[in-house]
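# Geometric and topological summary
Now for the letters of each chain:
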Amino acid sequence: MEHFTIATVAEESADFRRVLWTGEHTQLVIMTIPPGGEIGEEVHEVDQILTFVSGTGKAKVGGQEKNVAQGDLVVVPAGKKHNFLNTGVNPLVLYTVYGPPEHADKAVHKTKEEADALEEAGKDKPPTD
């Protein structure tokens with residue numbers, strides 16, 4: 001059994017992105033977006049559910065915008081353009097579930113720049129059957 005005290009685990013990570021668990025159909029990832037930072041506008045072929053642990057930000061999904069804070073949850077359906085921006089003075093901390101997995105199993109990306117470079121190089125692929 002995998003067990004996480006998810007808010008604590010997410011708060012303790014300074015990494016931009018850290019894959020905690022990868023299953024056959026879903027993946028659990030924690031993220032920390034620094035003040036003034038963002039995830040970056042993107043479109044996935046998978047569904048994504050993001051839950052915010054601390055900080056404040058702005059969610060942009062499919063042309064709509066909404067402020068987000070601790071306790072909020074945002075659903076991003078596959079194929080929707082989206083971005084999440086940190087609008088506060090503290091890190092925006094969240095955990096997200098992808099279905100199916102979106103990133104390499106056990107991937108750790110210290111910064112957005114590292115994450116982007118690995119994705120562009122094809123080195124952040126989810127496991128295949």
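Residues numbered from 1 in each chain as written. Predicted model: local features only at pLDDT ≥ 70, side-chain atom pairs only at ≥ 80, totals over all residues. Heavy atoms only, no water.

### Structural notes on the UniProt feature "domain: Cupin type-2" (unreviewed entry) in the protein chain
As a reminder, the rule being used: UniProt positions are given in the numbering used here, feature names are shortened, and annotations may be inferred rather than shown by experiment. Strands are runs of DSSP state E lasting at least two residues, helices are runs of H or I lasting at least four, and both sets are numbered from the N terminus onward.
Using the residue numbers shown here, the UniProt feature "domain: Cupin type-2" (unreviewed entry) corresponds to residues 30-98. With 0% helix and 58% strand, residues 30-98 has its two end C-alpha atoms placed 11 Å apart.

### What to know about unusual backbone geometry
Spelled out, the test is: For the exposure calls, accessible area comes from a 1.4 Å probe over protein chains only, and a residue counts as buried if that area is under 20% of its type's maximum, exposed if over 50%, partly exposed in between.
Going from G99 to P100, the amide bond is cis rather than trans, its omega being -5°. Among the structural elements, P100 can be located in the loop between β8 (92-99) and β9 (108-109). Here K106, not a glycine, exhibits a phi torsion of approximately 65°, which is positive. Residue placement: K106 occurs in the loop between β8 and β9. Classification of K106 by relative accessible area gives exposed; the value is 61%.

### Description of the side chain of T22
Inclusion rule: As used in this structure description, the phrase polar contact means that two N or O atoms lie within 3.5 Å; if the pair is within protein, one of them must be able to donate a hydrogen and the other to accept it, and residues adjacent in sequence are counted only when both atoms belong to side chains. For this analysis, residues touch if any pair of their heavy atoms sits within 4.5 Å.
Inspection of the secondary structure assignment puts T22 in strand β1 (residues 17-22). Judged by relative accessible area, T22 falls into the buried class, the value being 16%. A polar side-chain atom of T22 sits 2.9 Å from a polar atom in the side chain of Q27. A distance of 2.9 Å separates the side chain of T22 from the side chain of D105, its partner in a polar contact. Those residues within four positions of T22 in sequence are excluded, and the remaining contacts are Q27, P101, D105 and P127.

### Observations regarding the environment of A104
Here A104 is to be found in the loop between β8 and β9. The exposure class of A104 is buried, given its relative accessible area of 17%. In sequence terms A104 and K123 are 19 residues apart; their C-alpha atoms lie 7.7 Å from each other. If sequence neighbours within four positions are ignored, A104 has contacts with V19, Q27, K123, D124, K125 and P126.

### Focus on the environment of T128
As for its placement among the helices and strands, T128 is situated in the segment after α2 (112-120). The exposed category is assigned to T128, whose relative accessible area is 72%. C-alpha separation for the pair T128 and Q64, spaced 64 residues apart in sequence, amounts to 33 Å.

### So, the packing of aromatic side chains
For the record, the criterion: Ring pairs shown here join Phe, Tyr and Trp side chains whose ring centres sit within 6.5 Å, with only the six-membered ring taken for Trp; geometry is labelled stacked below 30 degrees between planes, edge-to-face above 60, and tilted in between.
Overall, the coordinates contain one aromatic pair when judged by the stated rule. Ring centres of F52 and F84 lie 5.9 Å apart, and the angle between their planes is 45°; on these two criteria the pair is classed as tilted. Linking F52 in strand β3 (residues 47-54) with F84 in strand β7 (residues 82-86), this pair joins segments that are 32 residues apart in sequence. Comparing F52 with F84 shows no difference in burial state: the two are buried.

### A word on the sheet that holds strand β4 (residues 56-61)
Put simply, the test is: Paired strands are those between which DSSP finds at least two bridges. To get an axis, a line is fitted to the C-alpha atoms, and for a helix only the part in contact is used. The angle between two axes follows their N-to-C directions and goes from 0 to 180 degrees.
Across the sheet, three strands lie side by side as β5-β4-β7; this open sheet has antiparallel pairing. Strand pairing shows two members of the sheet lacking a second neighbour, β5 (64-69) and β7, which therefore form its edges. The sheet shows a mean angle of 20° between the axes of neighbouring strands, taken without regard to direction. Relative to β7, β4 is paired through five bridges, and the arrangement is antiparallel. Within β7, the position partnered with G57 by the bridge is N86.

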